[in-house]
Amino acid sequence: MATLTMELTLIFDLILLFTLISMAWLLLASTDLFRAVVLFIAFGLLLSLAWVRLGAADVALAEAAIGAGITGALLLVGLGRLGSAERCRFTRVPLTFLQRLSAPLLIGIMIPSITLILVLELRLLADVAPGQQGLVNALLDISGSGHGVTAVLMNFRAWDTLLEKGVLLLALITIWSLDQARPLVHEDEISPQLTGLARLLLPIVIIVAGFVLWQGAHAPGGAFQAGALLSAGILLATLVGYTLPARRQRLSLRLLLTAGFWVFLLIAATTLLTSGYPLSYPQPLAGGLILLIELVATASIATILAAVVVGGHPPDNLSVPEDDSSASPKKRRK
Amino acid sequence: MLLSDLLTALLLFCSLPFFLAGTLGLLRFPDLYCRLHALTKADNLGLGLVVLALMIQADSWQVVIRLLLTWLLILVAGATVAHLIARKAQQDGHQPWRH
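Quantities reported herein were computed from a predicted structural model and do not represent experimental measurements.

### Points about the overall build of chain A
Thinking step 1. Check the secondary structure of chain A and you find twelve helices and zero strands.
Thinking step 2. If you list the helices and strands of chain A from N to C, you get α-α-α-α-α-α-α-α-α-α-α-α.
Thinking step 3. The buried share among the 334 residues of chain A stands at 35%.
Thinking step 4. Counting only carbon and sulfur atoms, one obtains 72% of the accessible surface of chain A, whose full area is about 20000 Å².

Shown next as structure tokens:
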């Protein structure tokens with residue numbers, strides 16, 4: 001019975017692997033950009049399934065929410081901006097015999113040789129190396145978090161996470177410097193059905209995001225996943241015509257966007273002054289500090305991701321009080 | 001083999017024809033509206049049976065509620081997305097298929 005189950009899971013893994021590789025090939029070879037984007041989203045979802053099979057639930061959550069969800073939305077919005085003429089710019093040109101032969105030949109040689117090398121290498125490994133898991137688990141008690149991944153992200157390697165927040169912010173600054181945000185939807189195009197769905201889903205999204213954030217303390221979850229969920233909620237609200245009030249689009253919005261980074265940076269600077277090392281939290285305060293960083297980071301990540309998808313800085317002519325057509329990210333009333 | 005395992009297997013097998021029909025419809029139906037219909041209708045029921053099968057195997061009632069909620073959310077989202085796609089197709093001038 002046990003061997004049968006093992007063989008069944010092996011078959012499932014092999015099918016998943018084969019589907020992933022062929023889907024990656026299909027999406028790269030697709031001449032229709034829309035098709036490629038849809039395949040990319042499907043690829044992201046299957047990839048998160050692969051992460052689940054590898055036992056990395058944290059990565060799976062992030063991949064599904066950010067890799068497939070937010071990036072997919074970003075690509076779709078970008079595609080919409082391109083217009084229909086640009087979408088089919090790539091036309092197939094008839095290939096010569098040798099050109100036609102080159103791709104199968106390359107794949108036919110590459111994939112078997114890589115597989116052979118991997119199989120030979122893997123046989124040398126007696127067991128899968130546990131990595132730093134033992135060390136992390138031994139230090140879990142002083143980390144201020146009950147979940148290994150969160151402990152690594154927010155304490156042991158917090159410096160990396162801080163810089164990640166910086167990278168996100170840099171990406172947004174770059175996008176904002178390129179263009180002014182254009183409306184994602186026109187007021188008269190909004191389907192009443194979508195409005196109904198948004199009204200139903202928004203409270204649920206907020207609750208689930210809070211749950212995912214809170215759960216990060218002892219199980220897979222955390223600021224990035226919660227932020228991605230929340231940004232999906234913000235985008236849904238944007239799609240049914242909610243906008244941020246004009247007076248909130250200047251300082252308040254910018255504060256919210258940057259808060260995750262500077263609160264983190266402030267804590268890093270304070271710990272540097274008090275203990276000599278950045279982000280070495282005093283032990284009794286570790287849990288509270290991590291929670292504070294994650295709370296603020298969630299809000300910032302959610303707003304940044306949504307603002308990235310909306311694309312472009314808020315409109316300059318903000319003097320109009322009821323500016324319904326502006327498509328700036330909607331901040332949830334808190 | 002417990003009775004609950006048998007019931008789970010039975011429900012999972014019952015869900016298969018729905019997914020098969022939905023996929024066949026997606027591949028073979030003549031126009032976008034028919035394909036949407038096949039996909040959403042069949043998948044919703046098939047998924048319902050899968051969720052029911054998993055609920056029998058759940059360890060606690062919290063998991064049961066989470067599974068039920070997942071199914072309900074997918075029902076609502078699926079219906080809305082199908083509506084949105086059909087609406088956009090109609091606006092773009094896709095004509096329904098007539099034989």
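Next comes the rest of the description.
### Description of the domain arrangement of chain A
Residues and elements named next belong to chain A.
Thinking step 1. Domain boundaries assigned for chain A yield domain 1 (1–84) and domain 2 (132–334).
Thinking step 2. Computed from C-alpha coordinates alone, the two centres of domain 1 and domain 2 are separated by 24 Å.
Thinking step 3. Listed per partner, the contact involves eleven residues of domain 1 and 16 residues of domain 2.
Thinking step 4. Of the roughly 1200 Å² buried between domain 1 and domain 2 on both sides combined, carbon and sulfur atoms contribute 72%.

### Let's talk about helix H3 (residues 57–82) of chain A
Residues and elements named next belong to chain A.
Thinking step 1. Taking 1.5 Å per residue as the helical rise, H3 with its 26 residues ought to reach 38 Å, and the 35 Å between its terminal C-alpha atoms agrees with that figure.
Thinking step 2. Maximum bend of H3: about 35°, positioned at Glu63.
Thinking step 3. The complete set of buried residues in H3 reads Asp58, Ala60, Glu63, Gly67, Ala68, Ile70, Gly72 and Leu79.
Thinking step 4. Once H3 finishes, Gly83 follows within two positions and takes phi at roughly 85°, a positive value.

### Remarks on the interface of chain A and chain B
Thinking step 1. Taken together, the contact pairs eleven residues of chain A with eight residues of chain B.
Thinking step 2. A combined buried area of about 750 Å² lies between chain A and chain B, and 72% of that area is made up of carbon and sulfur atoms.
Thinking step 3. Area buried by chain A at its contact with chain B is led by A:Ser191, A:Gln193 and A:Leu197, which between them contribute 47% of it.
Thinking step 4. Between the two partners, chain A and chain B, sit zero salt bridges.
Thinking step 5. At the surface where chain A touches chain B, the tally comes to one residue pair in polar contact (both at pLDDT 80 or more).
Thinking step 6. Within the side of chain A that touches chain B, the residues separate by chemical class into eight nonpolar, two polar and one charged.

### Considerations on a nonpolar patch on the surface
Thinking step 1. A cluster of nonpolar side chains, contributed by A:Trp25, A:Leu106, A:Ile107, A:Met110, A:Ile111, A:Ile114, A:Leu118, A:Leu122 and A:Leu125, occupies part of the molecular surface with about 910 Å² of accessible area.
Thinking step 2. The dominant element in the nonpolar patch, judged by the number of residues it contributes, is helix H5 (residues 97–124) of chain A, at seven residues.

### A word on helix H1 (residues 3–28) of chain B
Residues and elements named next belong to chain B.
Thinking step 1. An ideal rise of 1.5 Å per residue puts 38 Å on 26 residues; H1 measures up with 38 Å between its terminal C-alpha atoms.
Thinking step 2. Among the residues making up H1, those that are buried are Thr8, Leu11, Ser15, Gly22 and Gly25.
Thinking step 3. Summarising the contacts, the buried residues of H1 are in contact with helix H2 (32–57).

### Looking at the nonpolar core
Generally speaking, nonpolar side chains in soluble globular proteins are found buried as a group.
Residues and elements named next belong to chain A.
Thinking step 1. Ranked by size, the top nonpolar core spans 28 residues in total, and within it Leu172, Trp176, Leu235, Leu257, Ile304 and Leu305 carry the most contacts.
Thinking step 2. Breaking this core down by element, the ones donating at least two residues are helix H8 (158–178), helix H9 (192–215), helix H10 (223–239), helix H11 (251–275) and helix H12 (286–310).
Thinking step 3. Examining the composition of this core, we find that ten residues originate from one element, H12, more than from any other.
Thinking step 4. Listed in part, the 15 residues of the second largest apolar core include Met154, Leu162, Leu289 and Val296.

### Side note on the packing of H10(A) against H12(A)
All names here are of chain A.
Thinking step 1. Two elements in contact, H10 and H12, have axes whose closest approach is 7 Å; the angle formed by their N-to-C orientations is 45°. Considering their axes alone, H10 and H12 lie oblique with respect to each other. The handedness of the crossing between H10 and H12 comes out as right-handed. Contacts from Ala223, Phe224, Ala226, Gly227, Ala228, Leu230, Ser231, Ile234, Leu235 and Thr238 in H10 reach Glu294, Ala297, Thr298, Ile301, Ala302, Thr303, Leu305, Ala306, Val309 and Val310 in H12.
Thinking step 2. When the residues that make up the contact of H10 with H12 are grouped by side-chain class, the tally is 14 nonpolar, five polar and one charged.

### Some details on the side chain of A:Ser231
Thinking step 1. Mapping A:Ser231 onto the fold places it in helix H10.
Thinking step 2. Among residues more than four places away in sequence, those in contact with A:Ser231 are A:Ile70, A:Ala302, A:Leu305 and A:Ala306.

### So, the environment of A:Gly311
Residues and elements named next belong to chain A.
Thinking step 1. Inspection of the secondary structure assignment puts Gly311 in the segment after H12.
Thinking step 2. Spatially, the C-alpha atom of Gly311 lies 7.7 Å from that of Asp179, the residues being 132 residues apart in sequence.
Thinking step 3. When residues no more than four places from it in sequence are discounted, the contact partners of Gly311 are Ile175, Gln180, Ala181 and Arg182.

### Remarks on the side chain of B:Thr40
Residues and elements named next belong to chain B.
Thinking step 1. Position of Thr40 among the secondary structure elements: in helix H2.
Thinking step 2. From its side chain, Thr40 meets the backbone oxygen of His37 in a polar contact 3.5 Å long.
Thinking step 3. Leave out the neighbours within four places in its chain, and Thr40 touches Gly78 and Ala82.

Procedures and definitions
Residues numbered from 1 in each chain as written. Chains lettered and ligands numbered in written order. Predicted model: local features only at pLDDT ≥ 70, side-chain atom pairs only at ≥ 80, totals over all residues. Heavy atoms only, no water. Helix = DSSP H or I, 4+ residues; strand = E, 2+ residues; numbered from the N terminus. Buried < 20%, exposed > 50% of the residue type's maximum accessible area, 1.4 Å probe, protein only. Areas by Shrake-Rupley, 256 points an atom, 1.4 Å probe, with all protein chains shown as cover. Domains from an automatic or database assignment. Contact = heavy atoms within 4.5 Å. Buried area = accessible area lost by both parts, 1.4 Å probe. Expected span 1.5 Å × (residues − 1). Bend = angle between axes of the 7 residues up to and from the residue. Salt bridge = Lys/Arg side-chain N within 4 Å of Asp/Glu carboxyl O. Polar contact = N/O pair within 3.5 Å; in protein donor to acceptor, adjacent residues only side chain to side chain. Nonpolar A, V, L, I, M, F, W, Y, C, P; charged D, E, K, R; others polar. Patch = residues over 30% accessible without salt bridge, like charges linked within 9 Å, V, L, I, M, F, W, Y side chains within 5 Å. Core = buried A, V, L, I, M, F, W, Y, C linked by side-chain atoms within 4.5 Å. Axes fitted to C-alpha atoms, helices over the stretch in contact; angles between N-to-C directions. Parallel < 35°, antiparallel > 145°, perpendicular 65-115°, else oblique. Left-handed = near helix turned anticlockwise from the far one by under 90°.

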